[in-house]
Amino acid sequence: MDKDDLADTPGNRISREQVAHIARLARLDLSDEELDIYTDQLCAVLDHAAQVSSIDTSSVSAASNPLSAANVVREDRPAACIDRDEVLSMAPEAEDGMFKVPRIMEDEP
Amino acid sequence: MRASAGDVSAQVRQGRVSATSITERYLEAIESFDGKLHAFLTVMAGYAVEQATRIDKLVEMGKDPGPLAGVPVAIKDNLCTRGILTTCASRILENWRPPYSATVVKKLERAGAVIVGKTNMDEFAMGSSTENSAFGVTRNPYDADRVPGGSSGGSAAAVASGLSVVALGSDTGGSIRQPAALCGVVGMKPTYGMVSRYGLVAFASSLDQIGPFGTTVEDVALIFSVIAGHDPRDSTSLKVRRDVDTGSLVLAPAGVAASGQEGTADAPDGPMLDEDAYIWPAGHSLLDGAIEGLRIGVLEEITSDAAPDVRRRVEEAAAALVSLGATVEEVSIPELHYALGAYYLIAPAEASSNLARYDGIRYGLRVDAEDVTSMMSRTRSGGFGSEVKRRIMLGTYALSAGYYDAYYGQAQRVRAVLVDAFAAVYRDYDVLIGATTPATAFGVGEKTGDPLAMYLSDVCTIPSNLAGHPAISVPFGAGDDGLPVGVQVLAPALGEPVMFRVAAAIESAARSLPPPPVCFADGMGVQSDMGDGHA
């Protein structure tokens, strides 16, 4: 294990700044109070979860589906799907058969 | 006596009782009792009566409405019901009416069931007490100051209190079995892939599985037989066949279509589980077969740390199985000490990815803002509750650059180690038994301030989710506090038949618990004592 890998060792205390960074990545606006609470709680849970690093897993590869790792394909055949207007009727905002969102780009002068 | 699904459907199919009258009785019972429990988020009164009327017409015409004819069913509110609110107990989906129904909902209706309502749950199924619902806590029917367990607490409470004959829940880390144990009913998690998840709002996709609640093992087996089977709309659903000679379930060879192509050289003959066929014509045959000669292990890691009164019930269940001729021994899988840690990395990681879709654009809540990024952040902060945010944060961290391999990658490798360890034990044992929960129902508010303490209440149920195995909780008397205790039966993948058989044997050996103080026991109109102890 070289020096860089040490940063990956679970069990290091997660900082308030890291928690704020994670919140930004997850698109969550957290208050100062929430940041304090989540920092403590995430540390407690991660401390417990870090136990997974103490088991030797060199003989196995990661399992995501424990029963069947086979890929599933189907024929590309056209079939009926859910009606567009029915789907759009549940959207917060829609226009001309499309989802409508707030501005994405700055206005050009 | 609370009514059983088998009794209700038999009476309705024979035309002795109408589905409409049964449905109306249950709707009235929900109206009178659910104020005390809050098991339901949405009661589907008009819809239920329409369905019941349709079933009564079939009976009048001499047609068979199916094995669940007229049976009232409650559905966890993370299962899609077309045009009917499906909230996941979250503000972010408070007004969402899905444009399609889950496969399990369609299957129940095709079998003649009447869906009476959508049940309360921990928001997005994240929790063990139903206290994380955005719409208020559900009470345990045995003691209103205790939780019903979770996350499928509404479904468990509805069945325990007789407000529904059976119910569906989802189980990612114990969310069916734990509330079943705490409410004194039977709850089962099928083999991963056995039941289609099309229309189940995703939480942790490598762990989630839909399963039934009932007051008896027979009812749970009946519902399981109706909802199991391959579904092309769920790529993780298995193609499974029942071997007619042995009664066991076997995976169909890859490439064999769900219907047709029967009887290839490798495939044993027997009914295929597919969209339109039930594996078993009735639940009964699942419970047949002897206990004598079975090799049963009492799993130390899910039993020895349980409270003494819970442990005693497991020992009594083991003794009953010995008296029926099974060999029962203690068995240990030391690797299971790592299961909870692995689970609380894998489940939040997958949740953080699955819940990225709630961005205020296509459906659900939108909190407006100047630009699209602020709109998403405000929508998610306003729409998600604190436990959901905590899991999203945990998962985002576990998946973030520099930590992915140490956390998520390592957790998935630990999972592979657990699968191997289980496989080694199942070479010597047919099933394993143990506690479903470390203790009886805890108090409302007791663990809400300490997430880790809450997570520890899932320690007995999580191993089966990580391994993808089936497991069932069977009520087995009461603890020292008079509250229900559950005994769990674990089986290897596709081991449902032997699991049900052992569960039925444990059930018949159990001291039966009196029905809860809040209970509707008059579903069939046989008795008139509504709500013992609650005048």
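The shown structure was predicted, so the numbers you read here are calculated from the model rather than taken from an experiment.

Enquirer: Before we move on, can you summarise the overall build of chain A with the specific residues and values?
Expert: Helix and strand counts for chain A come out as three helices and two strands. Along its sequence from the N terminus, chain A presents helices and strands in the succession α-α-α-β-β. Put simply, of all contacts in chain A between residues at least 6 apart along the chain, 34% involve residues at least 24 apart. Accessible surface for chain A amounts to roughly 8,000 Å². Of this, 50% is attributable to carbon and sulfur atoms.

Enquirer: Give a description of the overall build of chain B that names residues and reports values.
Expert: A tally of helices and strands in chain B yields 16 helices and 13 strands. In terms of C-alpha radius of gyration, chain B reaches 22 Å, essentially the compact-globule figure of 24 Å for 535 residues. For chain B, the spread of C-alpha atoms along the principal axes amounts to about 60 × 55 × 55 Å. Looking at chain B as a whole, 65% of its 535 residues are labelled buried. Once local pairs closer than 6 in sequence are excluded, the contacts in chain B between residues at least 24 apart make up 76%. Considering chain B, the positive charge centre built from 43 side chains and the negative charge centre built from 62 side chains are found 5 Å apart.

Enquirer: I'd like a rundown of the interface of chain A and chain B, residues and numbers included.
Expert: Much of the literature gives interface size as the accessible area that the parts lose upon coming together. Taken together, the 53 residues of chain A in the interface contact 68 residues of chain B. In this assembly, chain A packs against chain B so that about 5,300 Å² is buried in total across both faces, 68% of it on carbon and sulfur atoms. Between the two partners, chain A and chain B, sit three salt bridges. Across the salt bridge formed by Glu93 of chain A and Arg366 of chain B, the nearest N and O atoms sit 3.1 Å from each other. Joining chain A to chain B, the criterion identifies 15 residue pairs in polar contact (both at pLDDT 80 or more). A per-element tally of the side of chain A that touches chain B places helix α2 (residues 32–49) of chain A first, with nine residues. For the side of chain A that touches chain B, the class distribution of residues is 33 nonpolar, eleven polar and nine charged.

Enquirer: Break down the confidence of the model for chain A for me, with residues and values.
Expert: Averaged over every residue, the pLDDT of chain A is 84; residues scoring 70 or more account for 84%. This stretch, residues 1–9 of chain A, has a pLDDT under 50; its non-local contacts, to residues over four places away or in other chains, come to seven contacts.

Enquirer: I'd love a proper account of unusual backbone geometry, names of residues and values included.
Expert: Residues and elements named next belong to chain B. Between Gly150 and the following residue, Ser151, the backbone shows a cis peptide bond with an omega angle of 15°. Relative to the helices and strands, Ser151 resides in the loop between β3 (114–119) and α5 (153–160). Positive phi values are uncommon outside glycine, yet Phe124 reaches one of about 50°. Tracing the backbone through its elements, the reader meets Phe124 in the loop between β3 and α5. Of the residues examined, Phe124 reaches a relative accessible area of 3% and is grouped as buried.

Enquirer: Please give an account of the confidence of the model for chain B that cites residues and values.
Expert: All names here are of chain B. For chain B, per-residue confidence averages 91 on the pLDDT scale, and residues scoring 70 or more make up 91% of the total. Across residues 255–268, where pLDDT falls below 50, the model places 20 contacts with residues more than four positions away in sequence or in other chains. A low-confidence stretch, residues 526–535 (pLDDT under 50), is modelled with 16 contacts involving residues beyond four sequence positions or located in other chains.

Enquirer: An account of the environment of Asp428 of chain B is needed here, citing residue identities and associated values.
Expert: With respect to the helices and strands, Asp428 of chain B occurs in the loop between α13 (405–426) and β11 (431–435). Among the residues examined, Asp428 of chain B registers a relative accessible area of 46% and is labelled partly exposed.

Enquirer: If you had to explain the pairing of β11 of chain B to someone new, which residues and values would you point to?
Expert: Residues and elements named next belong to chain B. Most of β11 is tucked away: five of the five residues are buried. Pairing analysis gives four bridges linking β11 to strand β13 (residues 484–490), with the strands arranged antiparallel. Along β13, the bridge assignment pairs Ile433 with Val489.

Enquirer: Describe in detail helix α3 (residues 45–60) of chain B, supporting the description with residues and values.
Expert: Residue and element names in this part refer to chain B. Helix length check: α3, at 16 residues, gives a terminal C-alpha distance of 23 Å against a target of 22 Å (1.5 Å per residue), a fit within 8%. Restricting attention to buried positions, one finds in α3 the residues Ala48, Gln51, Ala52, Ile55, Asp56 and Val59. Buried residues of α3, seen end-on, are gathered within an arc of 140° and therefore sit on one face of the element. Facing away from the buried side of α3, by more than 90 degrees, are the exposed residues Glu50 and Glu60. At its buried positions, α3 is contacted by α1 (5–13), α2 (19–37), α4 (103–110) and β3. Just downstream of α3 lies Gly62, where phi reads positive at about 85°.

Enquirer: Tell me what's going on with the nonpolar core, and back it up with residues and numbers.
Expert: All names here are of chain B. Of all hydrophobic cores here, the largest spans 185 residues; its most connected members are Leu108, Phe124, Leu432, Ile472, Val502 and Ile506. Among the elements that line this core, the one with the most residues is α13, at eleven residues. Residue contacts for Leu432: discarding those within four places in its chain leaves Gly297, Leu299, Val331, Ile333, Phe422, Val425, Tyr426, Gln488, Val489 and Leu490. Counting six residues, the second largest nonpolar core, distinct from the first, contains Tyr142, Ala441, Ala478 and Leu513.

Enquirer: For a negative patch on the surface, give the residues involved together with the corresponding values.
Expert: A cluster of acidic residues, Glu300, Asp305, Glu315 and Glu330 of chain B, forms a negative patch at the surface. On the basis of relative accessible area, Asp305 of chain B is assigned to the exposed category, the value being 66%.

Enquirer: Account for the environment of Ser248 of chain B, naming residues and giving values.
Expert: Residue and element names in this part refer to chain B. Within the element layout of this structure, Ser248 appears in the loop between β7 (240–242) and β8 (249–251). Since its relative accessible area comes to 30%, Ser248 is described here as partly exposed. Apart from the residues within four sequence positions on either side, Ser248 is in contact with Arg241, Arg242, Asp243 and Pro497.

Enquirer: Give me the lowdown on the sheet that holds β3 of chain B, citing residues and values where you can.
Expert: All names here are of chain B. Ordered in space as β1-β3-β2-β4-β6-β5-β12-β13-β11-β9-β10, the eleven strands form an open sheet in which the pairing is mixed. At either end of the open sheet lies a strand with only one pairing partner, and these are β1 (40–43) and β10 (327–331). Strand-to-strand, the axes of this sheet are offset by a mean angle of 25°, without reference to chain direction. Examined bridge by bridge, strand β5 (residues 186–189) and strand β12 (residues 471–478) share three bridges and lie antiparallel to one another. In the strand pairing of β12, Lys189 is matched with Ala471.

Enquirer: How would you sum up the side chain of Ser170 of chain B? Please name residues and give values.
Expert: Positionally, Ser170 of chain B belongs in strand β4 (residues 166–170). At 3.0 Å, the side chain of Ser170 of chain B and the side chain of Asn78 of chain B are in polar contact.

Enquirer: Describe helix α16 (residues 496–509) of chain B, naming the residues involved and giving the relevant values.
Expert: Residue and element names in this part refer to chain B. With 14 residues, α16 should cover 20 Å at 1.5 Å per step; its first-to-last C-alpha distance of 20 Å lies within 8% of that length. Among the 14 residues that make up α16, ten are buried, leaving the element largely enclosed by the rest of the structure. For α16, the complete set of buried residues consists of Glu496, Pro497, Val498, Met499, Phe500, Val502, Ala503, Ala504, Ala505 and Ile506.

What counts as what
- Residues numbered from 1 in each chain as written.
- Chains lettered and ligands numbered in written order.
- Predicted model: local features only at pLDDT ≥ 70, side-chain atom pairs only at ≥ 80, totals over all residues.
- Heavy atoms only, no water.
- Helix = DSSP H or I, 4+ residues; strand = E, 2+ residues; numbered from the N terminus.
- Contact = heavy atoms within 4.5 Å.
- Areas by Shrake-Rupley, 256 points an atom, 1.4 Å probe, with all protein chains shown as cover.
- Rg over C-alpha atoms; globule rule 2.2 N^0.38 Å.
- Buried < 20%, exposed > 50% of the residue type's maximum accessible area, 1.4 Å probe, protein only.
- Lys, Arg positive; Asp, Glu negative; His and termini not counted.
- Charge placed at Lys NZ, Arg CZ, Asp CG, Glu CD.
- Buried area = accessible area lost by both parts, 1.4 Å probe.
- Salt bridge = Lys/Arg side-chain N within 4 Å of Asp/Glu carboxyl O.
- Polar contact = N/O pair within 3.5 Å; in protein donor to acceptor, adjacent residues only side chain to side chain.
- Nonpolar A, V, L, I, M, F, W, Y, C, P; charged D, E, K, R; others polar.
- pLDDT = per-residue confidence, 0-100.
- Pairing = 2+ DSSP bridges.
- Expected span 1.5 Å × (residues − 1).
- Arc of directions from axis to C-beta.
- Core = buried A, V, L, I, M, F, W, Y, C linked by side-chain atoms within 4.5 Å.
- Patch = residues over 30% accessible without salt bridge, like charges linked within 9 Å, V, L, I, M, F, W, Y side chains within 5 Å.
- Axes fitted to C-alpha atoms, helices over the stretch in contact; angles between N-to-C directions.

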